[in-house]
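If you want the building blocks of each chain, they are given just below.
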Amino acid sequence: RDLREKVWRTYYSRGDNGDAKDNNANIQKILKLRYERAQLLGFPTHAHWRLDNAMAKTPDAAMELMMRVWPSAIARVKEEVAEMQAIADQEKAGVKIEPWDYRFYAEKVRSARYDLDMNQIKPYMQMEKLREGMFWAAGEVYGFSFEQVSGLPVAHPDIRIWEVKGRDGQHIGLWYFDPYARTGKRSGAWMNAYRNQQKFDKPITTIVSNNSNFVKGAPGEPVLISWDDAETMFHEFGHAIHGLNSNVNYPTVSGTAVARDYVEFPSQINEHWLPTKQVLSKFALHHKTGEPIPQALVDKLEKAKTFRQGFDVTEYLSSALIDMKLHLAGGADIDPDAFERDELTKLGMPPQVVMRHRTPQFGHVFASDGYSAGYYSYLWSETLALDVVDAFKASPGGMYDKAMAKKLHDNVMSVGNSIDPAIAYRNMMGRDVDVTAYLRDKGFPTT
Ligand SMILES: [Zn+2]
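Residues numbered from 1 in each chain as written. Predicted model: local features only at pLDDT ≥ 70, side-chain atom pairs only at ≥ 80, totals over all residues. Heavy atoms only, no water.

1. Observations regarding the domain arrangement of the protein
Inference 1: Parsing the protein into structural domains produces domain 1 (2-118 + 307-375) and domain 2 (125-288).
Inference 2: The three residues of domain 1 that bury the most area against domain 2 are Met55, Met118 and Tyr371, which together make up 65% of that side's buried surface.
Inference 3: Where domain 1 meets domain 2, there are zero salt bridges.
Inference 4: The tally of links from domain 1 across to domain 2 stands at two residue pairs in polar contact (both at pLDDT 80 or more).
Inference 5: Residue classes in the side of domain 1 that touches domain 2 are distributed as five nonpolar, two polar and no charged. (Domains from an automatic or database assignment. Buried area = accessible area lost by both parts, 1.4 Å probe. Salt bridge = Lys/Arg side-chain N within 4 Å of Asp/Glu carboxyl O. Polar contact = N/O pair within 3.5 Å; in protein donor to acceptor, adjacent residues only side chain to side chain. Nonpolar A, V, L, I, M, F, W, Y, C, P; charged D, E, K, R; others polar.)

2. Digging into the coordination of the zinc ion
Around a metal, the idealised angle for a tetrahedral arrangement of four donor atoms is 109.5 degrees; for an octahedral arrangement of six donor atoms it is 90 or 180 degrees.
Inference 1: Those protein atoms acting as donors to the zinc ion are His235 (NE2), His239 (NE2) and Glu264 (OE), and they sit at 2.0 to 2.1 Å.
Inference 2: Residue classification places His239 among the buried positions, given a relative accessible area of 7%. (Donors = N, O, S within 2.8 Å, 3.2 Å for Na, K, Ca; no water. Buried < 20%, exposed > 50% of the residue type's maximum accessible area, 1.4 Å probe, protein only.)

3. Section: the packing of helix 4 (residues 59-90) against helix 14 (residues 377-394)
Inference 1: One way to put it is that helix 4 packs onto helix 14 with a least axis distance of 10 Å and a crossing angle of 75°. As the angle between them shows, helix 4 and helix 14 are arranged roughly perpendicular. Facing helix 4, whose interface residues are Ala61, Ala62, Leu65, Met66 and Val69, helix 14 presents Leu379, Trp380 and Thr383. (Axes fitted to C-alpha atoms, helices over the stretch in contact; angles between N-to-C directions. Helix = DSSP H or I, 4+ residues; strand = E, 2+ residues; numbered from the N terminus. Parallel < 35°, antiparallel > 145°, perpendicular 65-115°, else oblique. Contact = heavy atoms within 4.5 Å.)

4. Some points on the pattern of salt bridges
Pairing between side chains of opposite charge can happen when the charged atoms of each approach one another.
Inference 1: The final tally for this structure, using the stated rule, is 36 salt bridges.
Inference 2: The partner of Asp441 in a salt bridge is Lys305, and the shortest N-O contact between them spans 3.1 Å. Of this pair, Asp441 sits in helix 17 (residues 436-442) while Lys305 sits in the loop between helix 10 (295-303) and helix 11 (309-328), and the two are 136 residues apart along the sequence.
Inference 3: A relative accessible area of 18% places Asp441 in the buried class.

Below you can see the structure in the form of structure tokens.
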């Protein structure tokens with residue numbers, strides 16, 4: 001436990017140790033300069049400037065959504081802490097749950113309550129089969145078909161290419177797949193567009209790629225991946241599908257060139273075709289027996305979905321709230337440490353949780369303008385995605401409902417940034433976004 005505390009303290013004080021690498025003065029300077037720039041551009045604050053071109057449009061709209069979710073998240077943390085405390089008491093550990101105990105005791109709750117070992121899932125998660133599952137779902141939903149092609153240029157022999165065709169057999173674009181880790185390759189998983197679709201001068205089709213870092217199997221051996229990695233594969237493929245469906249005139253508004261708080265929405269929706277019965281029964285097959293993943297295991301996964309969501313949402317949302325508040329604070333001198341402490345106290349931050357990214361180490365927000373006054377975007381996009389997934393599930397055809405698929409294609413997937421996303425969303429759903437599906441997904445009360 002002492003070691004846990006040491007690791008925790010070291011990790012969360014990065015950039016905040018009063019030494020040569022302390023970031024507090026840099027942050028103060030960045031905030032002042034950002035405010036000055038916003039003033040020059042005619043906006044009251046940096047947050048107003050950044051959101052002017054986002055779907056949320058105003059800091060108020062982003063704050064409203066965050067504060068709608070926040071009370072449920074911190075209430076759930078209290079319940080999670082009580083559950084963990086009960087286990088610690090039972091063990092007579094003499095422990096009062098502190099922030100460095102959260103992950104440790106949460107795992108005890110997970111195994112006691114959900115009886116789920118994620119390693120039971122993995123033998124059914126063959127990377128290549130799941131890739132076929134992604135293709136199959138995109139075929140059902142968007143009418144795409146995929147045919148592997150050879151003889152085209154690649155950066156490395158591991159990279160494979162598929163030609164994507166539409167319903168009438170017309171050429172849509174190329175999909176590059178670069179799944180394996182190798183020296184010098186960036187870590188993580190991502191989507192790229194080597195060429196964007198456009199019709200400005202003449203029709204140009206897109207070339208997209210999905211990249212990840214799986215460890216290559218021995219020859220003839222399947223590559224087995226975790227459930228989380230399978231979700232990530234579907235997520236990144238969602239970005240690729242967003243690019244492939246693009247049908248716009250201007251290259252600057254093509255495919256995934258949409259607002260920061262909108263770009264993760266199509267990719268997050270695509271994650272939801274993985275857990276459908278159709279994909280799991282056809283493509284989540286045991287690598288030795290070929291048997292599909294048992295329903296009992298899928299049910300356990302579903303049941304454990306809301307596990308530790310109090311912690312996850314609170315650590316994320318506290319970062320997003322502080323990001324927005326810092327950029328709404330105007331031109332005053334800000335001591336980041338004191339600001340963070342005071343604002344979190346006002347918000348009722350539970351003492352057992354800390355911001356996912358404390359201010360002095362918040363690269364998303366301070367390494368560039370990228371996610372500045374924009375960390376709320378993850379919540380915003382996920383709220384949209386879960387709302388649409390709910391609408392799919394309520395349709396006669398469920399996740400494969402043809403009418404919903406057409407609406408999603410016509411209003412979101414094919415239009416890039418050529419339509420105001422709020423209007424496109426209203427055209428698709430017949431209403432504005434509703435946060436109920438998000439709250440239910442996290443296991444929070446919806447009223
Ligand atoms: Zn993404």
